[in-house]
Amino acid sequence: HHPKYLLLFETSGALTVVVSTSNLTKPFGSVDASWVQRFQPRSSSSGREGDGTDFGKVLIDFLKHQSDAAAAPNSDDMLPEDFLRQYIGIQPPFGKNALEYLEQMYNFETAS
């Protein structure tokens, strides 16, 4: 088994996370299980409070472990941190890595 997930950065500023147990390739069969969670940016002034969740903390921990695995000497995988920097344009301030910055950008304590 290997992780299959999507981080969808919406133009509204929200981050939607999709985790699936099925492969994300053709043929598209049934999905055994999936989880979808939406996180608002910390700067959001929507005033809505979502349900309390610990998934945001688990997500960041998961991405850190993915980064550690991708950084192994014999790995050809792209680090999640490099992906966030190169394709999403997350440029953290000096002294912070992209995953720490992502954790600061989104309100992972509540979900909508």
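So, here's what we can say about the structure.

About the thresholds
Along each chain, the written sequence defines residue order, and numbers are assigned to residues from 1. Given that this is a predicted model, residues contribute local features only at a pLDDT of at least 70 and side-chain atom pairs are listed and counted only at 80 or more, while totals for whole chains, interfaces and linings are drawn from all residues. Excluding hydrogens and water, the side-chain values take into account all heavy atoms of the structure. By definition, any uninterrupted DSSP run of H or I lasting at least four residues is a helix, any uninterrupted run of E lasting at least two residues is a strand, and each is numbered from the N terminus. A 1.4 Å probe rolled over the protein chains alone gives each residue an accessible area, and that area as a share of the maximum for its type sets the label: buried under 20%, exposed over 50%, partly exposed in between. Should any heavy atoms of two residues lie within 4.5 Å, those residues are counted as being in contact. Per-residue and other accessible areas follow the Shrake-Rupley method at a 1.4 Å probe size, with only the shown protein chains counted as cover for residues. When DSSP finds two or more bridges between a pair of strands, those strands are recorded as paired. Polar contacts here mean pairs of N or O atoms no more than 3.5 Å apart (in protein, one a potential hydrogen donor and the other a potential acceptor; neighbouring residues in sequence count only if both atoms are side-chain atoms). Fitted lines through C-alpha atoms serve as axes, helices being fitted only where they are in contact, and the angles separating the N-to-C directions of these axes extend from 0 to 180 degrees.

**A short note on the overall build of the chain**
What the chain contains, in helices and strands, is three helices and five strands. For the chain, the sequential pattern of α-helices and β-strands runs β-β-β-β-α-α-α-β. Buried residues in the chain amount to 29% of all 112 residues. Considering only contacts within the chain whose residues lie at least 6 apart along the sequence, 48% involve residues at least 24 apart. Entry remark: accessible area of the chain is about 7,500 Å², with carbon and sulfur atoms responsible for 52%.

**Observations concerning the pairing of strand β2 (residues 15–20)**
Among the six residues in β2, five count as buried, and that is most of the element. In the sheet, strand β1 (residues 5–9) pairs with β2 via five bridges, with the strands oriented antiparallel. For L6, the partnering residue across the bridge sits in β2 and is V18. A loop of five residues connects β1 with β2, the two strands running antiparallel in sequence, and G13 in this loop sits at a positive phi of about 105 degrees. Bridge analysis of β2 against strand β3 (residues 34–39) gives six bridges, and the strand direction is antiparallel. For V18, the partnering residue across the bridge sits in β3 and is V36.

**Some remarks on the environment of Y87**
Locating Y87 in the fold gives a position in helix α2 (residues 80–88). Classification of Y87 as exposed rests on a relative accessible area of 52%. Within the local environment of Y87, its side chain forms a polar contact with the side chain of Q86, the two groups lying 3.4 Å apart.

**Re the sheet that holds β3**
Pairing within the open sheet is antiparallel, and its three strands lie in the order β1-β2-β3. The two strands at the open ends of the sheet, each matched to only one other strand, are β1 and β3. Averaged over all pairs of adjacent strands, the angle between their axes in this sheet comes to 15 degrees, without regard to strand direction.

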